[in-house]
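Chain residues, written in single-letter form:
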Amino acid sequence: MTTSSTSARPEIHPLPGHGAEDVLVLTDGPHEGSVLSGTEDGAIFRLSHDGRRIDRVAHTGGRPLGLELHPDGRLLVCDARRGLLRVDLATGDVEQVVHEVGGREMVFCNNAAIASDGTVWFSDSSTRFSIEQWKDDFVQDTRTGRLLRLDPSGEVSVVLDGLAFANGVALAADESFVVVAETGGRTLVRHWITGERAGTRDLLVDDLPGYPDNIARGSDGLIWVAIASPRDPVVERLQQGPPWLRRQVTRIPQPLQPKPARTCRVQAYDDTGRLVHDHDLPAEGFHMATGVREHDGAVWIGSLLEPAVAVLRR
């Protein structure tokens, strides 16, 4: 059964930094239930489960996006400017793990998922445009996004390329496949890791109602998807236009460029691609959901634009 919620209002918890893009719930240890988020100034904050206490635990020196907890206890950070990092939450020490692939610097490391054996699956949204120019990549539809793999041995390989703005990453419950959100295509692309389909790709979900950002597996076993903005027919027509037109659109004054509609929407799918939850929330006080985590019935939401995180307690 699909569950919808359109009237519930999430709690909003301000942070001392703008653009809390992703959220991660700590599930054990002394800070169990706390939530981590990184902001545009490079800081990573830890927010207590009730929102009453905020601590800055690290500074990456870049722009932290996707967050995952590594099996060794450190925080894995997808930093848009510095690549894949590991952060010691006790000391704040930052280690740069991957900053180039095939001899070329990464320019837009975005999101990750970590397998039980320590393998890291992570996305590189574009090989042409950085986070400051995300609209250029989106409108020009460069399709230079990639899904990458970091083996426990340290070897990095390209698993999928040609993606329309590769974004969120999540693994199947049994780790038989990995899913990467293709923001520009409004799809969830599935790459099979094991079984008779190993090495092939298909779509877990096609024709999403908007542009997916970060995705993550919740404690309920579902893959939660942040829908950053609804489908925009104008943008999609531009993406299909001639290259010269697509290039010109992002060169016109900012106020005249296409803008994401105000929305705050998250969905959840099972491993067959069936929609289970669809929460289309009021967007007056918090909008543009770019990160989402479900834990013990609470749905935490991050935003590229907001100086806060939100939580929907179901």
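Note on numbering: residues in each chain are counted from 1, in written sequence order. Predicted model: local features are reported for residues with pLDDT of at least 70 only, side-chain atom pairs are reported and counted for 80 or more only, and whole-chain, interface and lining totals are derived from all residues. Side-chain numbers here rest on the full set of heavy atoms in the structure, without hydrogens or water.

Chemist: I'd love a proper account of the packing of aromatic side chains, names of residues and values included.
Modeler: In summary, the pairing rule links any two rings of Phe, Tyr or Trp, Trp by its six-membered ring, whose centres are within 6.5 Å, and it sorts them by plane angle into stacked for under 30 degrees, edge-to-face for over 60 and tilted for everything else. Taken as a whole and judged by the stated rule, the model has two aromatic pairs. With a centroid separation of 5.4 Å and an interplanar angle of 85 degrees, the aromatic rings of Phe-108 and Phe-165 are classed as edge-to-face. Residue Phe-108 is found in the loop between strand 12 (104–105) and strand 13 (109–114), and its partner Phe-165 is found in the loop between strand 16 (156–163) and strand 17 (166–171); the two are separated by 57 residues along the sequence. Of the residues examined, Phe-108 reaches a relative accessible area of 4% and is grouped as buried. Each helix is a run of DSSP H or I of at least 4 residues and each strand a run of E of at least 2, with the numbering of both proceeding from the N terminus. Accessibility here uses a 1.4 Å probe with only protein chains present; expressed as a share of the type maximum, an area under 20% marks a residue as buried, one over 50% as exposed, and anything in between as partly exposed.

Chemist: Summarise the pattern of salt bridges; cite the residues concerned and give the values.
Modeler: When a carboxyl oxygen of Asp or Glu is within 4 Å of a side-chain nitrogen of Lys or Arg, the pair counts as a salt bridge. On inspection of all chains with the given rule, the structure shows 20 salt bridges. For Asp-50, the salt bridge identified is with Arg-52, shortest N-O distance 3.7 Å. Residue classification places Asp-50 among the partly exposed positions, given a relative accessible area of 32%. Of the charged contacts, one joins Arg-149 and Asp-151 as a salt bridge, the two residues approaching to 2.5 Å between their closest N and O atoms.

Chemist: Describe in detail the environment of Val-23, supporting the description with residues and values.
Modeler: Mapped onto the elements, Val-23 comes out in the loop between strand 2 (11–14) and strand 3 (24–25). Only heavy atoms matter for contacts: two residues are in contact if any of them lie within 4.5 Å across the pair. In this structure, Val-23 is in contact with Val-35, Leu-36, Gly-291, Val-292, Arg-293, Trp-300, Ile-301, Gly-302 and Val-309, ignoring residues within four places of it in sequence.

Chemist: So what's going on with the sheet that holds strand 20 (residues 201–205)? Which residues, and what values?
Modeler: Two strands qualify as a pair provided that DSSP identifies no fewer than 2 bridges between them. Taken together, four strands build an open sheet; the order of strands is 17-18-19-20 and the sheet is antiparallel. Two strands bound the open sheet, and with one partner strand each, they are strand 17 and strand 20. When strand polarity is set aside, the average angle formed by the axes of neighbouring strands in this sheet is 30 degrees. Where strand 17 and strand 18 (residues 177–182) come together, four bridges link them in antiparallel fashion. Bridge assignment links Leu-171 to a residue of strand 18, and that residue is Val-178. Angles here are taken between N-to-C directions and fall from 0 to 180 degrees, while the axes themselves are lines fitted to C-alpha atoms, restricted in helices to the stretch in contact.

Chemist: So what about the environment of Ile-12? Which residues, and what values?
Modeler: Counting through the fold element by element, Ile-12 comes out in strand 2. In this structure the C-alpha to C-alpha distance between Ile-12 and Gly-51, which are 39 residues apart in sequence, comes to 8.9 Å.

Chemist: Before we move on, can you summarise the pairing of strand 15 (residues 145–150) with the specific residues and values?
Modeler: Each regular strand displays side chains that alternate between the two surfaces of the sheet. Counting buried positions along strand 15 yields five of six residues, so the element is predominantly enclosed. Across five bridges, the pairing between strand 14 (residues 120–124) and strand 15 is antiparallel. Bridged to Trp-121 within strand 15 is Arg-149. Relative to strand 16, strand 15 runs antiparallel, the two being bridged by five bridges. Bridging from a neighbouring strand, Gly-145 pairs with Leu-163 of strand 16. Taken together, strand 15 and the strand that follows it, strand 16, pair antiparallel across an intervening segment of five residues, in which Gly-154 is found at a positive phi of about 100 degrees.

Chemist: Give a detailed account of the side chain of Asn-167, specifying residues and quantitative values.
Modeler: Within the secondary structure, Asn-167 is located in strand 17. A residue is classified by how much of its surface remains accessible, and Asn-167, at 1% relative accessible area, is buried. Nitrogen and oxygen atoms within 3.5 Å of one another constitute a polar contact, given that in protein one can donate a hydrogen and the other can accept it, and given that sequence-neighbouring residues count only through two side-chain atoms. A distance of 3.4 Å separates polar atoms of two side chains, one belonging to Asn-167 and the other to Asn-110. Among residues more than four places away in sequence, those in contact with Asn-167 are Asn-110, Asn-111, Ser-123, Val-180, Ala-181, Thr-183, Pro-212, Asp-213 and Asn-214.

In short, geometric facts, not functional conclusions.
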